[in-house]
Amino acid sequence: RRRHTRFRNVTGVQTCALPIYAGVVQALRLSAREKAGLVLRALESRGRMGQWMADAMRTSGRVLGASARQAPYVAVSQTTQLMAEVWNRRDVIFDPNPIVLARNIASDRDLIQNLVFMTNETFLMAGVSTYYRGLGKRMRICGAIALVNSNASSILVKHETDPLRMALDSGFEAIVGNSQVQLDMAAMEYFSRLAKKNGNPKLRLVAYAIAFADGLAGYVAYGKLTQAYEKSKKAGGGEPEIGRAHV
C-alpha cells in the first residue's frame, strides 16, 4: 500500500510495511509441523529433484519419530551395554563405592565413546525396524547403518587404523547387532499386541526381558572377542585368536 504523507516537510509517498509485518507474524505463529510442510511443498514445486528431497525428508522424519517411540527399548539396551562394559573392565573400573564407580565410568574415554556410538546406532536401527515392515529391507538398511556408523566411529572418534579390528567391529554390528535389533523389535511388536489383547500391560515386560538377555549376551561376546583380539595383537602371534572366545 502507498499513501501520501500529510507533513509539509515531507514530500512524495510512503510505503506501508504493515502487510509485510502481518505476514511475518503469521509465519511465526505456525507450528513446527506446519513450517516443515511449507518447506516440503516448496521443495516439491522444484521438479523431480525437489520431490526426491522432500520424500527423503519425510521418510527421515517418520523414522526419527519411530525411533523416539522406542526410547524405552533404547534405554534398556544401553543400560545393558553399560553393565556389560563395566563388567568387561571390572579390574580397572569396578569399585564398591558408587561414587568412585561413577567417577571411573565417566573418566573412561573408551567406554563413553562405545556407549555414545551404540546409543546412536540402536536409536536409528530401532526406528528403521519400526517404520519398515519387510524384514529383508530392515536388515539391509540397518546393516548399512551399522557399517557406516561403526567405521565412522573407528576412524573419526577412536582414530583406529587397524583394518582387521575395524572389520571385526563393523562385521559384528552389521550381523550380530542387526539381528538382535530385529529380534527385539519382533518381540516388542508381538508382546505389545498380546498385552493389548489381554488387557495386561505387564506382558510388555517380557519383550524387555528378551532385549536385556540377548543384549547382554551380545555385549559380553563382543567384549571377549575384542579382548582376545587385543591380547593376540600384543603377543604378536600372527592372526588374532578371536575364535577362542565364547559367550
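Here, the structure is the one placed above.
Residues numbered from 1 in each chain as written. Predicted model: local features only at pLDDT ≥ 70, side-chain atom pairs only at ≥ 80, totals over all residues. Heavy atoms only, no water.

Trainee: Give me the side chain of T122: which residues, what numbers.
Mentor: For T122, the location among the structural elements is in helix 7 (residues 109-131). With residues near it in sequence (within four places) discarded, T122 still touches Y73, V74, S77 and Q78. (Helix = DSSP H or I, 4+ residues; strand = E, 2+ residues; numbered from the N terminus. Contact = heavy atoms within 4.5 Å.)

Trainee: Go over helix 3 (residues 48-69), please, and point to the residues and values.
Mentor: If you check helix 3, its first and last C-alpha atoms are 32 Å apart, about what 22 residues at 1.5 Å a residue would give, namely 32 Å. Along helix 3, the positions that sit buried rather than exposed are G50, A54, V63, A66 and S67. (Expected span 1.5 Å × (residues − 1). Buried < 20%, exposed > 50% of the residue type's maximum accessible area, 1.4 Å probe, protein only.)

Trainee: So what's going on with the nonpolar core? Residues and values would help.
Mentor: One finds Y73, M125, V128, V181, M185, M188 and A207 to be the most contacted residues of the largest nonpolar core, which totals 18 residues. Listing elements by their share of this core, those giving two or more residues are helix 4 (71-88), helix 7, helix 8 (135-157), helix 9 (163-198) and helix 10 (204-235). Considering each element in turn, this core owes the most residues, 6 residues, to helix 9. When neighbours within four sequence positions are excluded, V181 is seen to be in contact with Y73, M125, A126 and S129. Within the second largest apolar cluster, 5 residues are counted, among which are V86, I93, I105 and L111. (Core = buried A, V, L, I, M, F, W, Y, C linked by side-chain atoms within 4.5 Å.)

Trainee: Outline the packing of helix 8 against helix 9, supporting the account with residue identities and numerical values.
Mentor: The N-to-C vectors of helix 8 and helix 9 enclose an angle of 140°; their axes lie 8 Å apart at closest approach. Pair helix 8 / helix 9 crosses with right-handed handedness. Residue-level contacts link L135, R138, M139, C142, G143, A146, L147, S150, N151, S154 and I155 of helix 8 to M166, D169, S170, E173, A174, N178, S179, Q182 and M185 of helix 9. Tallied by class, residues from the contact of helix 8 with helix 9 come to 9 nonpolar, 8 polar and 3 charged. (Axes fitted to C-alpha atoms, helices over the stretch in contact; angles between N-to-C directions. Left-handed = near helix turned anticlockwise from the far one by under 90°. Nonpolar A, V, L, I, M, F, W, Y, C, P; charged D, E, K, R; others polar.)

Trainee: Would you mind going over the environment of V176 in detail, with residue names and values included?
Mentor: Relative to the helices and strands, V176 resides in helix 9. Overall, the relative accessible area of 31% leaves V176 in the partly exposed class.

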